[in-house]
Amino acid sequence: MSAKRRGRLTLADDKRGQAYTLEGVVSAIVVASALIIGLQAVDPAPWTDQDGIDTEEHRVLVSDLLEASSERQSMTATDDLTRAVTCLSDNNPNEAAFESDGIVGENIHQLLANQSGVNYQVFLDYTTENGDKEEIEVYSTAESPTSSSVTVTRQVPVYDNTPVHRGDECLRDDDDKIGDEDVDFYADERAGSGELYAFVTVRVVVW
C-alpha cells in the first residue's frame with residue numbers, strides 16, 4: 001500500500017507544479033518586456049546610411065579647401081583666408097567674407113551646401129589679452145550640429161603690417177594696417193610676439 005501512495009500524484013504536488021508553471025510564464029513576460037523596452041530605447045540613426053555624413057571624407061575635403069585658400073600666406077602676400085579674417089566691418093569680422101558669395105564662403109558653399117542634407121557652421125576663434133578663448137560665428141546653415149559632425153580648423157597668423165580689408169568684397173585698404181593704433185582689430189595683440197599680432201583660427205563644423 002505504501003508503494004502505491006508514493007507513486008500517486010497528490011493535491012500538494014499538483015499545486016506545486018502549477019506554481020512552477022506560473023513562475024515560468026511570468027519570467028518569460030518580464031524578459032520579453034525588457035527586450036521590447038530596450039529596443040525602443042536604442043537610436044538606430046548613427047548606424048544607418050540615411051542619417052549623418054561620411055566624417056572622414058568631409059574632413060579631408062574641408063581641410064584641403066582651407067589649405068588651398070591659404071597657400072600664398074606670408075608676411076607680405078595676402079591670401080584669401082587672411083583677407084577673410086582681416087576683413088572688417090565696424091571693427092568686427094565682416095561676415096560677408098564667409099557667406100555663400102564671399103571670398104572664402106563661396107568655395108565652402110559650393111563644396112558643402114550643394115550636398116543634400118549637409119549643414120555647416122563657420123567660426124573665428126581667437127584668444128583675448130587675458131588669455132580667454134573667444135569665438136565669433138560668421139556663418140551657419142542650421143542652429144546646431146548632430147553627434148555625427150566633423151570639425152576642421154585652420155590657424156591664420158595676422159601680422160602688424162597685414163593690411164585691413166573692407167567691404168563685402170574684402171578689398172585691401174592700404175591706409176590701415178592691423179597693428180596701427182587707430183585700428184581696433186577684434187582679436188587682441190599677443191604680448192611679446194614681435195611682428196606677429198595674433199592668431200585667428202577658422203573653424204568649420206560640418207554635419
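Before reading on, note that the structure itself is shown above.
Residue numbers restart at each chain and count upward from 1, following the sequence in its written direction. The model is predicted, so local features are restricted to residues of pLDDT at least 70 and side-chain atom pairs to those at 80 or more, both for listing and for counting; the totals for chains, interfaces and linings are taken over all residues. Only hydrogens and water are removed before side-chain values are computed, so all heavy atoms of the structure are retained for them.

## Regarding the state of the cysteines
Part 1 of the argument: Whenever a pair of cysteine sulfur atoms sits within 2.5 Å, that pair is classed as a disulfide. Per the counting criterion, the structure on display carries one disulfide.
Part 2 of the argument: The partner cysteine of Cys 87 in its disulfide is Cys 170, sulfur to sulfur 2.3 Å. Between Cys 87 and Cys 170, the S-S torsion sits near -95°, and that sign places the bridge as left-handed. Placement of Cys 87 in strand β1 (residues 87-89) and of Cys 170 in the loop between β6 (163-166) and β7 (171-177) is noted, with a sequence separation of 83 residues between them.
Part 3 of the argument: On the basis of relative accessibility, which here comes to 0%, the residue Cys 87 falls in the buried class. Under the scheme used here, helices are H or I runs from DSSP no shorter than 4 residues and strands are E runs no shorter than 2 residues, and both carry numbers assigned from the N terminus. Only protein chains enter the calculation, and the probe is 1.4 Å; a residue is then buried if its accessible area is under 20% of its type maximum, exposed if over 50%, and partly exposed in between.

## Some words on the environment of Val 205
Part 1 of the argument: Among the secondary structure elements, Val 205 is positioned in strand β8 (residues 196-206).
Part 2 of the argument: Judged by its relative accessible area of 6%, Val 205 falls in the buried class.
Part 3 of the argument: Counting along the chain gives 55 residues from Val 205 to Val 150, while the straight-line C-alpha distance between them is 5.7 Å.

## Overview of unusual backbone geometry
Part 1 of the argument: Backbone geometry places Asn 91, a non-glycine residue, at a positive phi of 70°.
Part 2 of the argument: Residue placement: Asn 91 occurs in the loop between β1 and β2 (92-93).
Part 3 of the argument: The exposure class of Asn 91 is partly exposed, given its relative accessible area of 33%.
Part 4 of the argument: Although it is not a glycine, Cys 170 sits at a positive phi angle of roughly 55°.

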